[in-house]
Structure formats: C-alpha cells, structure tokens
Amino acid sequence: MVSFKYALGAIALPLLQLIWAGTAASAAAISAPTSLAAIPASTLTQITNFGTNPNNVLMFVYKPAKVAAKPALIVASHFCTGTAQIYFEGSKFASLAETHGFVVLFPSSPHPGTCWDVSSTATLTHNGGGDSLGIASAARFALANWGVDPARVFAAGTSSGAMMTSVLAGAYPDVFRAGAVDSGVAFGCFALPGQPDDSWNEQCALGELVLTGQQWAQRVFNAFPGFSGARPKMQVWHGTADTTLFPQNFFEEIKQWTTVFGYPSTPLSNVSESFLPAGYSNATFGPNFQAILAQGVGHTVPLFEQQYLQFFGLA
Ligand SMILES: *[C@@H]1O[C@H](CO)[C@@H](O)[C@H](O)[C@H]1NC(C)=O
Ligand SMILES: *[C@@H]1O[C@H](CO)[C@@H](O)[C@H](O)[C@H]1NC(C)=O
C-alpha cells in the first residue's frame, strides 16, 4: 500500500487536485488514433486502445501546435497521489513540447494511491505485463502510427514515476533511448514478487537494500535475457535530505548503471554547474550516465526539464 509519508512528497498537490476535479471530464478520450492528425493540438487528450495494457494504465497525449518532422517522444510519469493531469500542469514538458516539437505521453496510474507498479515480477520483465507493459505499448503505438523517431524515445519521471522510468529503461531498452530519474531507486529495488502490484518496499525506500554493482546489473539483465543492443542513457537526480526514498538509493543507482555500462565506479568528473542551484553536484561516469546529488534537498528534487532535454539531445 501507499506510504502516507510518500503521499506527502508533492507540495502543491491538494490545490492541483482541486483544479483537476473541475476539468477532468472536459475532453473526450480518443480510441486508437492512427495518425497525429487525429489528436487535437495543445491540449491534454486521453487515448485508449493503444495496445496490450493488462493493468489498464490510463494514457494521455500532448501534441504541440507544431510537431517536428519525425518527432521525439517523451513519456513523463507522475509521483504517487499524482495523475497525468497533475504532472502535465506541474511540469514544463508541455510548454517545451511547443518549443521543440516533440510529443509527450503522460500515463496515469490505475492504482488507488496512484503509485506505479514497480514491484511485480510482471512489470520488471520485458513484455511480462504490469504497468510497464501498458506504458511500453503506448510508446510502441506512437512509434507505429505517429511517425515518432525510434532513436528519440525517452522517459522521465518523479518519485514513483522516477522508479517507473528506471523500470522502463531496464525492461524496455529496445523502446527507450534515455531516462531522467528524479528521486527514484535502482531498477528492481522495489521488487516484491507475489505481492499486490503497487506494493511499497520499505527496505528499498529506507535505503537498506544494499547490493553490489554486479547484483544490481543482474536485475537489469534478467529483465530482458538475451538483449544485446545499446542500453538507454541514464541521468539520475537525488536529494541528500530525502527521507521518503533515502539517499542511499542514489548510490545504489550509481552502482547499478555504472556496472551495466561498464564504467568506473568513481566519476570522471564531479562538478557544480552554473545553471544548477548551489549545492548540486553533477557526477559524470561516462557519456551514458550522470548522477546529480542535491545537497540539503528533500523528496523530491525539483524538475529540471531543460537539463533532461539536453541529456536527451533535444535542446
Ligand atoms: C560529488 O561531489 C559531492 C560534493 O563533494 C559529493 O557529496 C557527492 O557524493 C559526489 N558525487 C558522487 C557521485 O561521488
Ligand atoms: C553534467 O556534466 C556533463 C559533462 O560535462 C554535461 O554534459 C552535462 O550536461 C551535465 N549535466 C547536468 C545536469 O548538469
């Protein structure tokens, strides 16, 4: 079940939920839009019948007024107690889509506390089911029908949505090219086989699941045995004062992805950046992995969409 502490993570939430309550029913869902032309521009629109979706994940699309040729796609996943609408309103993904011409998918959790299924064996397995398959199906639908560039399909998310981003990167490396993880955990850290899909893994949350890089990497490899293609680039962000998903999770993520990429376990560089707040350090381990630690920041690190876009090669 949802941890109450976790639900308190997003500050502006109750207000946004009130706003949403008034507008939720305004737009009709579109079934299986087989072209971008079938989707209204510059408004969040629900889509249905986009492929295999065993948990009935809700799916919303944001198409900007001017879509770029062969557009990029970003899947933006909300935190617990959030929704697609709330994440859409509380982030800059949509306004940046207007600037850069990419398309955004905002999935919405079907579970009561709106945490994501990041714990079931199904969700942690390539084409195995769970929430991740529903989201991957929507991305595949976009690839098959909307002219999306397969080399530019990305995932980003906050908290539970950050965990989902890691799950998508680990279980669907054939679909996603990069992930931006804001205050999440390593792939497979929440694993709780046989328990309800949106289960809370207290051991992981508290930073008490400490494994070797090899053990973490093995969880990624086991998600899609036999996959030998390129793995998605990963950028992870975490606050040192996070008491929901303790900061040890940042260092477990580093062990995992440096091992997956075969990078050294210590960064090549670790610097403050002029465009980030004081106290943020940007550790680079290689071209495909960066880890940003925010000194004194709790759960969650604010969104840095512009930096995610740069990492994705979109800005
Ligand atoms: C980068 O440097 C900061 C500040 O010295 C430190 O707290 C952080 O742990 C370092 N990051 C990594 C990944 O080593
Ligand atoms: C981190 O440093 C790398 C290497 O200099 C740079 O490419 C990247 O943009 C930086 N990331 C952030 C979020 O500052």
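Our structure is the block above this text.
Definitions and limits used
- Residues numbered from 1 in each chain as written.
- Chains lettered and ligands numbered in written order.
- Predicted model: local features only at pLDDT ≥ 70, side-chain atom pairs only at ≥ 80, totals over all residues.
- Heavy atoms only, no water.
- Helix = DSSP H or I, 4+ residues; strand = E, 2+ residues; numbered from the N terminus.
- Near = heavy atom within 4 Å.
- Polar contact = N/O pair within 3.5 Å; in protein donor to acceptor, adjacent residues only side chain to side chain.
- Areas by Shrake-Rupley, 256 points an atom, 1.4 Å probe, with all protein chains shown as cover.
- Nonpolar A, V, L, I, M, F, W, Y, C, P; charged D, E, K, R; others polar.
- Axes fitted to C-alpha atoms, helices over the stretch in contact; angles between N-to-C directions.
- Parallel < 35°, antiparallel > 145°, perpendicular 65-115°, else oblique.
- Left-handed = near helix turned anticlockwise from the far one by under 90°.
- Contact = heavy atoms within 4.5 Å.
- Buried < 20%, exposed > 50% of the residue type's maximum accessible area, 1.4 Å probe, protein only.
- Pairing = 2+ DSSP bridges.
- Salt bridge = Lys/Arg side-chain N within 4 Å of Asp/Glu carboxyl O.
- Expected span 1.5 Å × (residues − 1).

Caption draft 1: Spotlight on unusual backbone geometry. The residue after His299, namely Thr300, is reached through a cis peptide bond having omega 10°. In this structure, Thr300 sits in the loop between β11 (289–294) and α10 (305–312). Within the chain, Asn127 stands out as a residue other than glycine whose phi angle is a positive 55°. For Asn127, the position within the fold is in the loop between β5 (103–108) and α5 (130–145).

Caption draft 2: Fine view of the site of ligand 1. Around ligand 1, the neighbouring residues are Phe251, Ile254, Asn270, Ser281, Ala283, Phe285 and Leu293. Between ligand 1 and Asn270, the relevant distance is 2.3 Å, taken from an oxygen atom to a side-chain nitrogen or oxygen of the residue. Within the complex, the protein chains bury 58% of what would otherwise be the 360 Å² of accessible surface of ligand 1. Elements represented by at least two residues in the shell around ligand 1 include exactly α9 (248–261) and β10 (280–286). At three residues, the largest contribution of residues to the shell around ligand 1 is made by β10. Split by residue class, the shell around ligand 1 holds five nonpolar, two polar and no charged.

Caption draft 3: Structural view of the packing of helix α4 (residues 93–100) against α10. One way to put it is that α4 packs onto α10 with a least axis distance of 10 Å and a crossing angle of 50°. Regarding the angle of α4 to α10, the classification is oblique. Read as a crossing pair, α4 and α10 show a hand that is right-handed. Facing Phe93, Leu96 and His100 of α4, the residues of α10 in contact are Glu305, Gln306, Tyr308 and Leu309. The residue makeup of the contact of α4 with α10, split by class, is four nonpolar, two polar and one charged.

Caption draft 4: Expanded view of the side chain of Gln290. Positionally, Gln290 belongs in strand β11. Owing to a relative accessible area of 18%, Gln290 belongs among the buried residues under this scheme. Setting aside its immediate chain neighbours within four residues, Gln290 contacts Met234, Gln235, Val236, Asn282, Ala283, Thr284 and Phe311.

Caption draft 5: Focus on the sheet that holds strand β3 (residues 58–62). Strand order in the open sheet made by the eleven strands is β1-β2-β3-β5-β4-β6-β7-β8-β11-β10-β9, with mixed pairing throughout. Looking at which strands have only one partner, the edges of the open sheet turn out to be β1 (30–31) and β9 (269–271). By the bridge criterion, four bridges tie strand β2 (residues 44–48) to β3 in an arrangement that is antiparallel. In the sheet register, Gln46 faces β3, and the bridge partner there is Phe60. Running at roughly 150° to strand β6 (residues 153–158), helix α6 (residues 160–171) makes contact with β4 (73–77), β6, β7 (178–182) and β8 (233–239) of the sheet.

Caption draft 6: View of the pattern of salt bridges. The tally for this structure, following the rule as stated, stands at four salt bridges. Among the ionic pairs, Asp174 bridges to Arg140, the shortest N-O distance being 3.6 Å. You can see Asp174 sitting in the loop between α6 and β7 and its partner Arg140 sitting in helix α5, a full 34 residues away along the chain. Using a relative accessible area of 34% as the deciding quantity, one classes Asp174 as partly exposed.

Caption draft 7: Spatial organisation of the site of ligand 2. Surveying the vicinity of ligand 2 reveals the residues Gln235, Trp237, Glu273, Phe275, Leu276, Asn282, Thr284, Gln290, Ile292 and Gln307. A distance of 3.5 Å separates an oxygen atom of ligand 2 from a polar atom in the side chain of Glu273. In this structure, an oxygen atom belonging to ligand 2 sits 3.2 Å away from a side-chain N or O atom of Thr284. About the coverage of ligand 2: the protein hides 66% of its 360 Å² of free accessible area. Going through the elements one at a time, β8, β10 and β11 are the ones with two or more residues in the shell around ligand 2.

Caption draft 8: The packing of helix α8 (residues 213–223) against α9, seen in detail. Two elements in contact, α8 and α9, have axes separated by 8 Å at closest approach and are oriented at 70°. Our classification of the angle between α8 and α9 gives roughly perpendicular. With respect to the hand of their crossing, α8 and α9 are arranged in right-handed fashion. Together, Gly213, Gln214, Trp216, Ala217, Val220 and Phe221 of α8 and Glu252, Lys255, Gln256, Trp257, Thr259 and Val260 of α9 make up the contact between the two elements.

Caption draft 9: Local environment of α5. Here α5 spans 23 Å end to end across 16 residues, near enough to the 22 Å set by a 1.5 Å rise per residue. Taking burial as the measure, the 16 residues of α5 include twelve buried ones, the bulk of the element. Turning to α5, its buried residues number three or more, namely Gly130, Asp131, Ser132, Leu133, Gly134, Ile135, Ala136, Ser137, Ala138, Ala139, Phe141 and Ala142. In this fold, the buried residues of α5 make contact with β3, β4, β5 and α6. Once α5 ends, the next one or two residues include Gly147, with phi positive near 70°.

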